[in-house]
Amino acid sequence: MALISSILALRRDKRILKIPPYLSALCVIVGIAWLLVLPLNEYSRGTYVSENALLPGQVHTYFTGSEHNVFRAYRHEVHGLIDKPVAERSQRLETIFREQNLKVATQHYNYTVSNRTIANENVYAILQGPRADATEAIVLIAAWKNMADEVNNSGVALVLTLARYFKRWSLWSKDIIFLIPGDSTSGSQAWVDAYHDGHDQRYVESLNIKSGALQGAVAVDYPAGPWGQRYDKLHVVYDGVNGQLPNLDLFNTAVQIASGQMGIGSVIQRMWHHDNSYKDRLQTMLRGMISQGLGHATGPHSSFIPYHVDAVTLQTVGDGWHDEMSLGKTVESLFRSLNNLLEHLHQSFFFYLLLQSNRFVSIGTYLPSAMLIAINFSIAAMALWVKSGRRTEPIANPASTQPKSKPASSADKEDKGDTKPTHDIKHAKEKAPAPQQPATELLEIDGALAIVPVASTTVTERALLIPALLVISAHALGLVPLYLFNNWDADHLPGLFITTANIITLFPIAVAFLFNYTSPHILTLQALTLIQCFSLLLLGMFLAALATLNFSLSVLIGVACVPLSFVRRSTNMGINAVQLGMLALLNPCMVVQIGTKLLGGNLAEILVTAAQGWHIWGLWTQVVVWLVWFPAWIACSVVVASGIFD
Amino acid sequence: MLSSLCLVLLNALVISVAAGSDYHEQLLLRPLPQNTLLASFNFRSNESAAAFEQQNFRYFPRSFGQILQHAHAKELHLRFNVGRWDAENWGQRPRNGAREGGTGVELWAWVEADTEDEAFARWLTLTNALSGLFCASLNFIDATKTIRPVMTFAPEGQHANSSNLHLLHGTLPHEVVCTENLTPFLKLLPCKGKAGISSLLDGHKLFDASFQTMAIDVRPICGQGDASCFLEMEQTVDMVLDIARSKRPRDNPIPRPLPIDQLECDTSKLYNAHDTCYPLNKGTDPAWTLEEVFGKPLRGACPLTEQSGDEVNTVCINTPPERTVEVRTTGQFAESKLASDTVRCYKLPTGAHFDLVLPEQKMSTGLVRPDPQIFAARSINGHGQERGSTQSIIRNPSTTEAVEIVYLESLPWFMKPYLHTLRARVDTTYESPIKETYYRPAVDRKRGTHLELRMVIPPSSTLTLTYDFEKAILRYTEYPPDANRGFDVAPAVIRILSPQSGDNRGVYVRTTSLLLPLPTPDFSMPYNVIILTSTVMALGFGNIFNLLVRRFVGIDEAPALGAGGLKGMLLSKITRLRGLLGKA
């Protein structure tokens, strides 16, 4: 009892109430510092292959000799199809597959996104494993066009050649599907959706032939023309849609086969020159986090990962001495490894940050950083909740005015612990003897009497309804830009963006002004505190939950939102102006715009890609932006803006 | 352009007219498109019912016969299957699918018993005995994998007392069929793979085939009117060999790229050069010989076969008449031509090797391959750990005739179908194709789901059958060692009721099996928990044990052993020893 009362007494301690902002700041600082130490050797680990069945690089590869001649011929064939219409191209690819005695089918897809039509055809062929029973399959992909919109000439030719070569082997325990999607992102998405029967038949054709459960997918991206081009390194792309990642074993196998067996160096996240320094590791990790946080498709493999099909893209980069046959051998060896799998890839990590091709940080090590950043908002929310229940004006010390009346110390202590009056407390209000003196009252608890200031026992009711409604409406408001950005015409998207950016920057000031002008009693100080409290509470909850799904997005948004837990309504005009200016800089639209500038992107393209992602890939990033980040920003900005009109 | 020739039904060749005790074997070869070859082996041994009852076995294998007698199995069908029949390219299934099973092992039998429980006990006896005989995990066919089909299977034999016969059916879709199953299969034959066509059956080639099925069928046959019955045992092997793959020598089986000078190029391509070669599709039938394809020579006829009559022709090949077929043997053989010369049959020499040699040849005519009556495919849709749906697509290619089928699903208990989600749609009509439903729901850990549907598919229509199911969570001990692979779901069996085939065996089509991923716990977790618990236990135990056995004495009570060094240590040891001895 004594313990509880002393803890309750602590709650009123002013020193305790000053702690939360510092605690919040500490969480943020430790959270970010946590990220920064991850690239050090002590906090990261070297990659290793967990699944024993994979045995990367343990097989001889025989994809050489006359297969090269065939490859060159197919490369010419593919080159000849570049300017042909889609239907003719599909037909020719089908013919080549059919000559190899494979089962072939074509799938048409036709999406309309932002008033633009994305229509193309996927050609795929199934090699039925001689002793397989159609229960499992692995996929080899070469998109007709790669992410840079170049024709994947050598990549497609390589898949055709490998199909012919693989057909001769008897050892396949799984079916092999050769897939040539019309483009790198929507095509493979249409195919994999239809494969799992999760497609909308208005836009995507159902598949005529299917095989078993997909166990893995490997995409090749090798846009060299009919005369070939030797490359230097393999760029392994592994990010899936919504920041989901393939099993680390698949990635490790690809890297280990490329480097160990074939002697091809591998790079990740466009870090063409990685010298294994702290700076490069950190940069790789941050690039990986940005890519994961944005959650967009990064290649034909991305669409497979949400279906729990582990997939990577092998992309050739640079000028070196490796030729197409070494890429073919890498794929052959990789497929032999996947063919060995008895079980679905499950041994290794699904949540990791890669620092270079053979170093990673696992979820247990990095997750606290996002959690700390998320917790900072919860702490701020709790502090605001306590604050909202307190009187705004300071309690004058009655002892200084009435030195004669000495209150019983024990009763005084217990009173201070109780904000809510209990049934055994009798109130006996006294009229204050003088107006300048604070009102006091006489309390009787268990026979003990005490005279305390009225202010310290008055119950401060929290009016929850209006703040809660306002926060909910801020979240509902997010649906408007979410809808508009996903459905507006592609040509008008940049215009919409600029308009939205301007509107939402001025919106909080307008709201604050309107409330102040029409009904100033609604936005009382307590209501404003509660608005910020609810909004931060929700933000903290969402970000903590998001951290377990998409760590990077949670960190990125968490960092962008950090000021929200520190801004307060101030009576000082200058402080308000500074706070508002900072918030204006950190509003979602500005952050997107500045981020685009810094990363060298094209805003219009990004907006179209986002809309495409929403409709085709099932991208959730904009939901997080407009329904988590944007409402929190609006709520806190309104709180700050209301200070201007006092 | 291949002009069509005469159509020969494979089953027309396998004439089942026999009497008394005899043995007969036949091999039918049939080149299929895409350089593949269908080889259908058929071994038939008869034993009169009287001799069988008295355990007087002549051609009928004793080990097998005694099992049947012990388990009171009156009719038995056992199947071992690997691979898939590619109906689109290869046409109708061999023997109308009646001698074919689903992937893995499939067994069904009519057991004589007075009650259902007795029938099931005898069924367990049968599966356990067969498991030992065939080196297959047939003993894993327990109550959860056994169903009692109602419409799908009909007895092939003539049974005198059919009222107390019980049909039981079980499948093992995950069973991998391999040479350990072939050896006992061959041992049941009178010539045991030493002579006759069974000498061609070699595990390396048989199990490298694109499709292969081994079947054993036992049925009683009674003559019309008279009471003389005999028991027929038919052993069949159907396999589809990839000729190019089978011809690879055993000492060099790796399909290395051809040497550049052996690669045949399409020189009409503009880019054709010394280093660029578009592979030429010659469109010729490849060359092969029996010995090359099967990896073993055919060692003449089995001397136990009939030497006269209709059934002396042991090896038959079904090709267009223009195809050159040379016989290479040192012994006496006889050739006869049937069915407008599209079937050439040979009577094998006894005691001498026999080989057929087919050179590479450009063909102008081809054989008409009979189209299958239906095409069926089944797949799992959806993803995730909780639920999914199954979709079966059955297509009737006939433009004139409707097809009536019975569709049988035998699902494991942990795959729980929602029958209210069962939808059968035909794309050409709104009428429901389901005419009759038999459903026996699963009981957890006791029995699986059994679903039979009688359906009619109108001409040139596609039937889509879907139902949703929920995945159960198993107890951790119920997972197999490779839990993350998923669980195999037995193929659906489709029996075509009409149009009927000529014989009484029925027409069957089986879909492929399915892989059902179930929610799988992280099995390293119990391991971690065990380690953690053990550590805590060890710490706790260590402390308590230490307190219990240690004797606490005051420092002044302890003998003056304070002096360290060797002497002190020795002294303390001695004191301790004394203490121990003194206590004892």
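The rules behind these values
Residues numbered from 1 in each chain as written. Chains lettered and ligands numbered in written order. Predicted model: local features only at pLDDT ≥ 70, side-chain atom pairs only at ≥ 80, totals over all residues. Heavy atoms only, no water. Helix = DSSP H or I, 4+ residues; strand = E, 2+ residues; numbered from the N terminus. Buried < 20%, exposed > 50% of the residue type's maximum accessible area, 1.4 Å probe, protein only. Contact = heavy atoms within 4.5 Å. Areas by Shrake-Rupley, 256 points an atom, 1.4 Å probe, with all protein chains shown as cover. Lys, Arg positive; Asp, Glu negative; His and termini not counted. Charge placed at Lys NZ, Arg CZ, Asp CG, Glu CD. Salt bridge = Lys/Arg side-chain N within 4 Å of Asp/Glu carboxyl O. Pairing = 2+ DSSP bridges. Axes fitted to C-alpha atoms, helices over the stretch in contact; angles between N-to-C directions. Buried area = accessible area lost by both parts, 1.4 Å probe. Polar contact = N/O pair within 3.5 Å; in protein donor to acceptor, adjacent residues only side chain to side chain. Nonpolar A, V, L, I, M, F, W, Y, C, P; charged D, E, K, R; others polar. pLDDT = per-residue confidence, 0-100. Disulfide = S-S within 2.5 Å. Domains from an automatic or database assignment.

An unreviewed UniProt entry lists chain B under the name GPI transamidase component GPI16, with Clathrospora elynae given as the organism.

Per an unreviewed UniProt entry, the recorded name for chain A is Glycosylphosphatidylinositol:protein transamidase, GAA1 component, and the organism is Clathrospora elynae.

(A) Representation of the overall build of chain A within the structure. Along chain A, the regular secondary structure elements total 22 helices and 14 strands. By principal-axis analysis of the C-alpha atoms, chain A measures approximately 110 × 50 × 45 Å. Burial statistics for chain A: of 646 residues in total, 54% are counted as buried. Across chain A, contacts joining residues at least 24 apart in sequence account for 81% of those joining residues at least 6 apart. Carbon and sulfur atoms make up 61% of the accessible area of chain A, which amounts to about 27,200 Å² in all. Side chains of chain A carry 46 positive and 47 negative charges; the gap between the two charge centres is 7 Å.

(B) Structural view of the pattern of salt bridges. By the definition in use, this model includes 37 salt bridges over all chains. Across the pair Glu 77 of chain A and Lys 269 of chain B runs a salt bridge whose closest N-O atoms are separated by 2.9 Å. Taken together, the residues Glu 77 of chain A in helix 3 (residues 66-80) and Lys 269 of chain B in the loop between helix 8 (243-246) and strand 10 (288-289) connect one chain to another. Judged by its relative accessible area of 9%, Glu 77 of chain A is buried. Two residues, Arg 99 of chain B and Glu 156 of chain B, come together in a salt bridge whose shortest N-O distance is 2.9 Å. With a gap of 57 residues between them, Arg 99 of chain B in the loop between helix 4 (87-90) and strand 5 (104-112) and Glu 156 of chain B in the loop between strand 6 (146-147) and strand 7 (165-172) connect regions that are remote in the sequence. Both residues of the pair, Arg 99 of chain B and Glu 156 of chain B, count as buried. Taken together, the shared-partner salt bridges in this structure form one network comprising Arg 79, Arg 99, Glu 156, Asp 217, Glu 234 and Arg 505 of chain B.

(C) Quick peek at the sheet that holds strand 11 (residues 359-362) of chain A. All names here are of chain A. Strand order in the open sheet formed by three strands is 1-11-10, with antiparallel pairing between adjacent strands. Two strands in the sheet have a free side with no partner beyond their single neighbour: strand 1 (45-46) and strand 10 (352-356). The sheet contact formed by strand 1 and strand 11 spans two bridges and is antiparallel. Residue pairing across strands places Gly 46 opposite Arg 359, the latter belonging to strand 11. In the packing of helix 8 (residues 278-294) onto the sheet, contacts are made with strand 10 and strand 11, and the angle to strand 10 comes to roughly 140°.

(D) Region of interest: unusual backbone geometry. Residues and elements named next belong to chain B. A cis geometry characterises the amide bond from Ser 498 onward to Pro 499, with omega recorded as 0°. As for its placement among the helices and strands, Pro 499 is situated in the loop between strand 25 (493-498) and strand 26 (507-510). Unlike most non-glycine residues, Asn 35 shows phi in positive territory, near 55°. Judged by its relative accessible area of 35%, Asn 35 is partly exposed. Positioned with a positive phi, Cys 135 is a non-glycine residue whose angle comes to about 50°. Tracing the backbone shows Cys 135 in the loop between helix 5 (116-134) and strand 6.

(E) A look at the interface of chain B and chain A. In this complex, chain B contributes 47 residues to the contact, which on the side of chain A involves 44 residues. Both faces combined, the contact of chain B with chain A buries some 3,900 Å², and carbon together with sulfur accounts for 49% of it. Of all residues in chain B, the largest losses of buried area upon contact with chain A belong to Arg 84, Pro 257 and Tyr 278 of chain B, amounting jointly to 17% of the total for that side. Counting every contact that joins chain B to chain A gives five salt bridges. Residues Lys 103 of chain A and Asp 86 of chain B are paired through a salt bridge, measuring 2.9 Å at the closest nitrogen-oxygen approach. For the interface between chain B and chain A, the tally reads 23 residue pairs in polar contact (both at pLDDT 80 or more). For the side of chain B that touches chain A, the residue count by class is 19 nonpolar, 16 polar and twelve charged.

(F) Structural detail: the confidence of the model for chain B. Residue and element names in this part refer to chain B. Across chain B, pLDDT averages 87, with 93% of residues at or above 70. Every residue in residues 1-19 scores below 50 in pLDDT, and together they form 56 contacts with partners more than four places removed in sequence or on other chains. Scored as a complex, the prediction yields pTM 0.88 and ipTM 0.86.

(G) Structural context of the state of the cysteines. Considering all chains together, one arrives at four disulfides over all chains under this definition. In this model Cys 222 of chain B forms its disulfide with Cys 229 of chain B; the gap between the sulfur atoms is 2.0 Å. Handedness here is read from the sign of the S-S torsion; for Cys 222 of chain B and Cys 229 of chain B, about 100°, the answer is right-handed. Within chain B, bonded cysteines paired by disulfides and numbered along the sequence follow the pattern 1-6, 2-3, 4-5, 7-8. Looking at the unpaired Cys 533 of chain A, the closest cysteine sulfur is the one in Cys 636 of chain A, lying at 10 Å. By relative accessible area, Cys 533 of chain A is classed as buried at 3%.

(H) The domain arrangement of chain B, seen in detail. Residues and elements named next belong to chain B. The assigned domain composition of chain B is domain 1 (20-249 + 259-366) and domain 2 (375-516). Here domain 1 and domain 2 have C-alpha centroids that lie 27 Å from each other. The interface is formed by 31 residues belonging to domain 1 together with 34 residues belonging to domain 2. In this assembly, domain 1 packs against domain 2 so that about 2,700 Å² is buried in total across both faces, 56% of it on carbon and sulfur atoms.

(I) Fine view of the environment of Pro 458 of chain B. Residues and elements named next belong to chain B. Its location among the elements puts Pro 458 in the loop between strand 22 (449-457) and strand 23 (461-471). Accessibility expressed as a relative area gives 21% for Pro 458, which makes it partly exposed. Along the primary structure Pro 458 and Pro 433 are separated by 25 residues, whereas in three dimensions their C-alpha atoms are 8.5 Å apart. Setting aside chain neighbours within four positions, we find Pro 458 in contact with Asn 396, Ala 402, Val 426, Thr 428 and Thr 429.

(J) Looking closely at the pairing of strand 7 of chain B. Residue and element names in this part refer to chain B. Most of strand 7 is tucked away, with eight of its eight residues classed as buried. Of the two faces of strand 7, both are covered, the one formed by Leu 165, Leu 167, His 169 and Thr 171 as well as the one formed by His 166, Leu 168, Gly 170 and Leu 172. Summarising the sheet, strand 5 and strand 7 pair through eight bridges and their orientation is antiparallel. Across the sheet, the residue bridging to Trp 108 is His 169, located in strand 7. As paired strands, strand 6 and strand 7 are joined by two bridges and run antiparallel to one another. Counted as the bridge partner of Ile 147 is His 169 from strand 7.

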